[in-house]
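For reference, the chains in residue letters:
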Amino acid sequence: MKNIFKIFIGYDSREKIAYHVLSHSIISNATIPVQITPINLKNLKRFYKRPKAKNHSTEFSISRFLAPYLSNYQGLSLYLDCDFIMLGDVAKLLSFVSKKPNKVLWCVKHRKYIPKDKFKFLREKQLPYAKKNWSSFMVFNNAKCKILTPKFVAKAHGLILHQFKWTKENQIGSLPKNWNILVGEQKIPKKVNALHYTLGGPYFKKHSKCQGAKHWFKYKKQILM
C-alpha cells in the first residue's frame, strides 16, 4: 500500500532471534505504518537461486539487493541487516531522504573504515573492502533501482553490488551517521537512531556484554512479556 513504509531485514538461520527483536524495536519507535519482511533465502527459491558462498558471512550477503524487486520497484524501502537495534523513528528517515528525492539510494558512508579484527561473529572472516558496511542499512528509491533484477543480483560479483558499481557515485545520498553506528568500532553518541552490532549481536554469548547490549536486551524482554 502507498502509505506503508516497506522495511526488509536480512534473515540468517543462525540469528533468528535477531530478526524478531529488531522488528519489535522498529515497530516500537515508528510513528507511521510499516511493513516488515524478512529476506530469507528459503522464501526466494521460486525466482532466486544464488546460494550462500563460503566468503559470504551471512545468508543475506547478496540477497539484500532484491529489496527494490520485492517492492515492485515502487516508492521507498529500507533494508537493514538483522544485527541492528532501532532506537529512532523511521518516519524521520523518510523525512530526511525526501529532501533529496532524486537519489538512487541513501546510506551511512563509513569512509576509510577498516575492521579492527580479522574475524567477527561465529569466526566469520572480516573482509576489508571499500564502502564496507554502507550496504548494511540502505534506503532504496526503488524506481531508480530497476537494474537490480533477480537475474542480475544472482550473477553479479559481490563487490559490484556492495560497492554500488551498478549506479553512479553521485546518486548515492548520505544519511546522518547516527543511523548506522558500528558497535565496538565507533563511539556510541548520546543521540543515536540505530546501533549496528557488526562484530556480533548480544544474542551471541561472546558478545552479550558488548557496548550498547542493554538496548537489545530491553526489546528482547518486551517481546517475551
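Values in this document were obtained by computation on a predicted structure and should not be read as measured data. (Residues numbered from 1 in each chain as written. Predicted model: local features only at pLDDT ≥ 70, side-chain atom pairs only at ≥ 80, totals over all residues. Heavy atoms only, no water.)

### What to know about empty space enclosed by the protein
Phase 1: A complete count under the given rule lists one cavity of 30 Å³ or more for this structure.
Phase 2: Approximately 40 Å³ is the volume found for the largest cavity.
Phase 3: Lining the largest cavity are Leu-41, Tyr-48, Arg-50, Pro-51, Lys-52, His-56, Glu-59, Ser-61, Ile-62 and Ser-63.
Phase 4: Grouping the constituent residues of the lining of the largest cavity by class yields four nonpolar, three polar and three charged. (1 Å grid on protein atoms, 1.4 Å probe; cavity = no way out; pocket = protein on both sides within 12 Å on 5 of 7 lines; lining within 4 Å. Points joined across faces, edges and corners; volume = space filled by probe spheres on them. Nonpolar A, V, L, I, M, F, W, Y, C, P; charged D, E, K, R; others polar.)

### Some words on a nonpolar patch on the surface
Phase 1: Together, Ile-17, Ile-223 and Leu-224 give the surface a local cluster of nonpolar side chains, amounting to about 250 Å² of exposed area.
Phase 2: Note that Ile-17 resides in helix 1 (residues 16–29).
Phase 3: For Ile-17, a relative accessible area of 32% corresponds to the partly exposed category. (Patch = residues over 30% accessible without salt bridge, like charges linked within 9 Å, V, L, I, M, F, W, Y side chains within 5 Å. Areas by Shrake-Rupley, 256 points an atom, 1.4 Å probe, with all protein chains shown as cover. Salt bridge = Lys/Arg side-chain N within 4 Å of Asp/Glu carboxyl O. Helix = DSSP H or I, 4+ residues; strand = E, 2+ residues; numbered from the N terminus. Buried < 20%, exposed > 50% of the residue type's maximum accessible area, 1.4 Å probe, protein only.)

### Remarks on the pattern of salt bridges
Side-chain pairs of opposite charge can arise where the charged atoms are in close proximity.
Phase 1: All told, the structure shown has three salt bridges when counted by the stated rule.
Phase 2: For Asp-81, the salt bridge identified is with Arg-64, shortest N-O distance 3.1 Å. Of this pair, Asp-81 sits in the loop between strand 3 (76–80) and strand 4 (84–86) while Arg-64 is found in the loop between strand 2 (34–39) and helix 2 (67–70), placing the two residues 17 residues apart along the sequence. Pair check on accessibility: Asp-81 and Arg-64 agree, each one buried.
Phase 3: Lys-131 is the partner of Glu-169 in a salt bridge, and the nearest nitrogen-oxygen pair spans 3.3 Å. Taken together, the positions of Glu-169 in the loop between helix 5 (158–162) and strand 7 (172–174) and Lys-131 in the loop between strand 5 (105–107) and strand 6 (137–141) put the pair 38 residues apart, joining distant regions of the chain.
Phase 4: A residue is classified by how much of its surface remains accessible, and Glu-169, at 44% relative accessible area, is partly exposed.

### A few points about the pairing of strand 6
Phase 1: Among the five residues of strand 6, five are classified as buried, and the element is accordingly described as predominantly covered.
Phase 2: By the alternation rule, side chains of strand 6 split into Phe-137, Val-139 and Asn-141 and Met-138 and Phe-140, which are all buried.
Phase 3: In the sheet, strand 3 pairs with strand 6 via five bridges, with the strands oriented antiparallel. Across the sheet, Leu-80 pairs through a bridge with Phe-137, a residue of strand 6.
Phase 4: In this sheet, strand 6 lies alongside strand 5 in antiparallel orientation, the contact comprising three bridges. Looking across to strand 6, one finds that Trp-106 is bridged to Val-139. (Pairing = 2+ DSSP bridges.)

### Describing the nonpolar core
Phase 1: Grouped together as the largest cluster of nonpolar side chains are 61 residues, with contacts concentrated most on Leu-78, Leu-80, Met-86, Phe-137, Phe-140, Phe-164 and Trp-166.
Phase 2: The leading source of residues in this core is helix 1, at five residues. (Core = buried A, V, L, I, M, F, W, Y, C linked by side-chain atoms within 4.5 Å.)

### Section: the sheet that holds strand 1 (residues 5–10)
Phase 1: Taken together, the six strands give an open sheet; going across it, the order is 2-1-3-6-5-7, and neighbouring strands pair in mixed fashion. Strands at the two margins of the open sheet, each flanked by one partner only, are strand 2 and strand 7. Taking each pair of neighbouring strands and ignoring which way they run, the sheet shows an average axis angle of 25 degrees.
Phase 2: When strand 1 meets strand 3, the two strands line up parallel, connected through four bridges. (Axes fitted to C-alpha atoms, helices over the stretch in contact; angles between N-to-C directions.)

### Things to note about the packing of aromatic side chains
Phase 1: Applying the stated criterion across every chain, the model contains 10 aromatic pairs.
Phase 2: Consider the rings of Tyr-69 and Tyr-73, whose centres lie 6.2 Å apart with planes at 70 degrees: the pair is edge-to-face.
Phase 3: For Tyr-73, a relative accessible area of 16% translates into the label buried.
Phase 4: The ring of Trp-134 carries Lys-131 above its face, with NZ or CZ at 5.2 Å from the centroid. (Phe/Tyr/Trp six-rings, centres within 6.5 Å; stacked < 30°, edge-to-face > 60°. Lys NZ or Arg CZ within 6 Å of the ring centre and 35° of its normal.)

### Focus on the packing of helix 1 against helix 6 (residues 213–223)
Phase 1: Helix 6 packs onto helix 1 with a crossing angle of 90 degrees between their chain directions and a minimal axis gap of 9 Å. Between helix 1 and helix 6, the angle is such that the two are roughly perpendicular. Along the contact surface, helix 1 presents Ile-17, His-20, Val-21, His-24, Ser-25, Ser-28 and Asn-29, while helix 6 presents Trp-216, Tyr-219, Lys-220, Gln-222 and Ile-223.
Phase 2: Residues that form the contact of helix 1 with helix 6 fall into these classes: five nonpolar, six polar and one charged. (Parallel < 35°, antiparallel > 145°, perpendicular 65-115°, else oblique. Contact = heavy atoms within 4.5 Å.)

In short, the description is geometric, and any link to function would need to be established separately.
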